[in-house]
Amino acid sequence: MDPYKLFHFDIKTLGNYGDTILFEMVRETFNSFSNREAFYFEGSTNLRDAVYPRLVSAINDKYDAVVIGGGGLFLSDTNPNQKSGWQWNCSIELLRAIEKPIIVFAVGNNRFLEQADFSEKFIEHVNLLAEKSIFFGLRNRGSVETIKEYLRPELRHKVVYQPCPTTISSKLCPDLYVPDLAPSRHLGVQALIGKRQLAAGFDKPGIYDETVKGLKALKSKGWDVEVFANARGDLAFHNEAVERGLDVPLKNVYQTRQIFQAMNYFAKLPLTVGMRGHAQMIPFGLGNPILSLFVHNKLRWFLRDIGLEELCIDVRQKNFADEIVDKSEWIYNNFADLRVKLMAKQDEMLQVTMNNLADIHHALGGKSRMAAVAPYSKFERKLAQAVYLAGFDREELVHAQQAAKAKQAAAR
């Protein structure tokens, strides 16, 4: 039996490394399942672009199923629209018109602290989506429980746990994993107090003061500290740190067309400190410890899922610099044991993922229950990268053309 042909609603971007790599890892997860005999991605489009009837007709005519995700897509103010109330820009009417099975995969509730609740349109849309889906998997158990609250009681059982594939990167890209990484006093930090955190009452100067204070104390103990940027907004923290007298290098991991390259960086980084979800999930997926600076529920939810909630530091408390120092030192002193625990948790996440994919395959009519993954070779990753970049360049050109037409129309 030929693999099921899948259409992917994704996001192709070089502006946020988490988004760059996560959708590619979703594709590899499906493509690699059951010795590559179960699924095959044959088409995709940006989920933030408006869905039109012509696309729905093409999906119904040419594909066996639709995959939406992963990523923190349940968010109302990124790609705001009146069609769905979340990032997927598909109207109720066109969602109803999709005849092929829908798979929601590793999506997260990304609503920020103190952010306005989702709209009635979102509630209507997400209930129809759950109703039509053969699989509705969310990337952390916190998202599972909070999204259930928006669903009719008879639909809530459909929402299940499906970790983001970035959390099993060492299984999908075993050649990138560094099994013999030695413990060292070396960390990378990503931080961002942006408009959403400010709106929630986070004290940007105070948080940056304490973070830098903690990093200075670590440097005084012999730690090698660097700042990394998963997206453009993260660059500001490096400037803030330098202004506060912290002399540290800056590493950009976004805007590279070598989309797997940054995984090498995280694979060799013994400790990653961060405020972004994927600044934590990606290094974990490569087997390395993390320390989360709490600015969003998803950080605590993820640490809870891996049984390490104590590695979450609440930056709303005063004088948390000492906690950064103490927990970094604890991670260094327990590095080997901690890595063993992280890899055991990855094994659990891999098993959850394989079982879910087997359930999806069975729901589509397939019979494979082979809970195994056949990772891409280095050459196959290069091919995947080439396809990704071709799609990215094509979408960028289309968006530029649309913007030019809109500007011309406005001028007239």
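Residues numbered from 1 in each chain as written. Predicted model: local features only at pLDDT ≥ 70, side-chain atom pairs only at ≥ 80, totals over all residues. Heavy atoms only, no water.

Visitor: I'd like to hear about the pattern of salt bridges, residue by residue, with values.
Guide: This model, assessed by the stated rule, comprises 24 salt bridges. With a closest N to O distance of 3.1 Å, Arg27 and Glu24 form a salt bridge. In this pair, Arg27 and Glu24 both sit in helix α1 (residues 17–32), three residues apart, roughly one turn of the helix. Overall, the relative accessible area of 4% leaves Glu24 in the buried class. Between Glu154 and Arg152 there is a salt bridge, with its nearest N and O atoms 2.8 Å apart. With a relative accessible area of 48%, Glu154 lands in the partly exposed category. Take Arg152: its relative accessible area is 34%, and that puts it in the partly exposed class. Overlapping salt bridges, with partners in common, bring together Asp10, Lys12, Glu24, Arg27 and Glu395 in one network. (Salt bridge = Lys/Arg side-chain N within 4 Å of Asp/Glu carboxyl O. Helix = DSSP H or I, 4+ residues; strand = E, 2+ residues; numbered from the N terminus. Buried < 20%, exposed > 50% of the residue type's maximum accessible area, 1.4 Å probe, protein only.)

Visitor: Describe unusual backbone geometry, listing the residues and the values that go with them.
Guide: The step from Gly69 to Gly70 runs through a cis peptide bond, and the omega angle for that step is 5°. Locating Gly70 in the fold gives a position in the loop between β3 (65–68) and β4 (71–74). Phi at Asn79 takes a positive value of approximately 60°, unusual for a residue other than glycine. Residue placement: Asn79 occurs in the loop between β4 and α3 (92–97).

Visitor: Please give an account of helix α13 (residues 321–333) that cites residues and values.
Guide: Here α13 contains 13 residues, and its C-alpha end-to-end distance of 19 Å stays within 8% of the 18 Å for a straight helix at 1.5 Å per residue. Residues of α13 that are buried: Ala321, Ile324, Val325, Lys327, Ser328, Glu329 and Ile331. Close packing links the buried residues of α13 with β8 (186–189), α8 (204–220), β11 (271–274), β12 (290–294), β13 (312–314) and α14 (335–363). (Expected span 1.5 Å × (residues − 1). Contact = heavy atoms within 4.5 Å.)

Visitor: Any chance you could break down the packing of aromatic side chains for me, citing the residues and the numbers?
Guide: Overall, the coordinates contain 21 aromatic pairs when judged by the stated rule. One aromatic cluster is present, formed by Phe7, Phe9, Tyr63, Phe74, Trp86, Trp88, Phe118, Phe122, Phe136 and Tyr150 through successive ring pairs. Directly above the ring of Phe260 sits Arg381, whose terminal nitrogen or CZ lies 5.6 Å from the centroid. (Phe/Tyr/Trp six-rings, centres within 6.5 Å; stacked < 30°, edge-to-face > 60°. Lys NZ or Arg CZ within 6 Å of the ring centre and 35° of its normal.)

Visitor: Which residues make up helix α4 (residues 120–132), and what are the values?
Guide: For α4, spanning 13 residues, the distance from its first C-alpha to its last is 19 Å, which sits close to the expected 18 Å at 1.5 Å a residue. Taken together, the buried residues of α4 touch β3, β4, α3, β5 (102–109), β6 (133–138) and α5 (141–148).

Visitor: Tell me about the side chain of Gln346, and name the residues and values.
Guide: Tracing the backbone shows Gln346 in helix α14. Setting aside residues up to four positions removed in sequence, Gln346 forms contacts with Thr167, Ile168, Ser169, Ser170, Lys171, Phe284, Gly285, Leu286 and Gly287.

Visitor: Provide a residue-level description of empty space enclosed by the protein, including the pertinent values.
Guide: Scanning the entire structure with this criterion turns up one cavity of 30 Å³ or more. Approximately 50 Å³ is the volume attributed to the largest cavity. In this structure, the largest cavity is lined by Arg139, Asn140, Gly277, Gln280, Met281, Ser292, Lys298, Leu299 and Phe302. Mapped by element, the contributors of at least two residues to the lining of the largest cavity are α11 (278–285) and α12 (297–305). Sort the elements by how many residues they give to the lining of the largest cavity and α12 lands first, with three residues. Across the lining of the largest cavity, the residue classes break down as three nonpolar, four polar and two charged. (1 Å grid on protein atoms, 1.4 Å probe; cavity = no way out; pocket = protein on both sides within 12 Å on 5 of 7 lines; lining within 4 Å. Points joined across faces, edges and corners; volume = space filled by probe spheres on them. Nonpolar A, V, L, I, M, F, W, Y, C, P; charged D, E, K, R; others polar.)

Visitor: Describe the sheet that holds β11, listing the residues and the values that go with them.
Guide: Taken in spatial order, the six strands of this open sheet run β10-β9-β8-β11-β12-β13, and their pairing is parallel. Taken across any chain shown, the strands that pair with only one partner, and hence form the sheet edges, are β10 (250–252) and β13. Across the sheet, the mean angle separating the axes of adjacent strands is 25° when strand polarity is ignored. In this structure, β11 lies alongside β12, joined through three bridges in parallel fashion. (Pairing = 2+ DSSP bridges. Axes fitted to C-alpha atoms, helices over the stretch in contact; angles between N-to-C directions.)

Visitor: Give a description of the environment of Ile259 that names residues and reports values.
Guide: Relative to the elements of secondary structure, Ile259 occurs in the loop between β10 and α10 (261–267). A relative accessible area of 0% places Ile259 in the buried class. Put simply, Ile259 and Leu389 are 130 residues apart on the chain and 8.9 Å apart in space, counted from C-alpha to C-alpha. When neighbours within four sequence positions are excluded, Ile259 is seen to be in contact with Leu14, Tyr17, Thr20, Ile21, Glu24, Gln385, Tyr388 and Leu389.

Visitor: Describe the pairing of β11, and please don't skip the residues or the numbers.
Guide: Residues Leu271 and Val273 point to one face of β11 and Thr272 and Gly274 to the other, with burial holding for every one of them. Of the strand pairs in this sheet, β8 and β11 are connected by three bridges, and their pairing is parallel. When the bridges of β11 are listed, Gly188 appears paired with Thr272. Between β11 and its parallel partner β12, the chain crosses via α11, and the hand of that crossover is right-handed. (Right-handed = clockwise from strand over helix to strand, strands pointing away.)

Visitor: Could you give an account of the nonpolar core, naming the residues involved and the relevant values?
Guide: Phe30, Phe39, Phe74, Trp88, Phe105 and Phe136 are the most contacted members of the largest nonpolar core, which totals 131 residues. For this core, the element with the highest residue contribution is α14, accounting for nine residues. Apart from residues lying up to four places away in sequence, Phe74 is in contact with Trp86, Val107, Gly108, Asn109, Asn110, Arg111, Phe118, Phe122, Val126, Phe136, Leu138 and Ile147. (Core = buried A, V, L, I, M, F, W, Y, C linked by side-chain atoms within 4.5 Å.)

Visitor: So what's going on with the packing of α8 against α13? Residues and values would help.
Guide: At a minimum axis distance of 7 Å, the contact between α8 and α13 shows a crossing angle of 40°. Considered as vectors, α8 and α13 are oriented oblique to each other. Both α8 and α13 take part in a crossing whose hand is right-handed. Every residue of α13 that contacts α8 at Glu210, Thr211, Lys213, Gly214, Ala217 and Leu218 is listed here: Ala321, Ile324, Val325 and Ser328. (Parallel < 35°, antiparallel > 145°, perpendicular 65-115°, else oblique. Left-handed = near helix turned anticlockwise from the far one by under 90°.)

Visitor: Please give an account of the layout of surface pockets that cites residues and values.
Guide: Any space left empty among the atoms is revealed by the rolling of a water-sized probe across them. In this structure, the largest pocket occupies an estimated 830 Å³ of space. Around the largest pocket, the lining comprises 38 residues; the ones closest to its centre are Asn16, Asp19, Phe112, Arg196 and Arg276. Looking at the lining of the largest pocket, the elements with two or more residues in it are α1, β4 and α7 (195–199). Of all the elements, α1 adds the most residues to the lining of the largest pocket, at four residues. A breakdown of the residues in the lining of the largest pocket according to their chemical character gives 11 nonpolar, 19 polar and eight charged.

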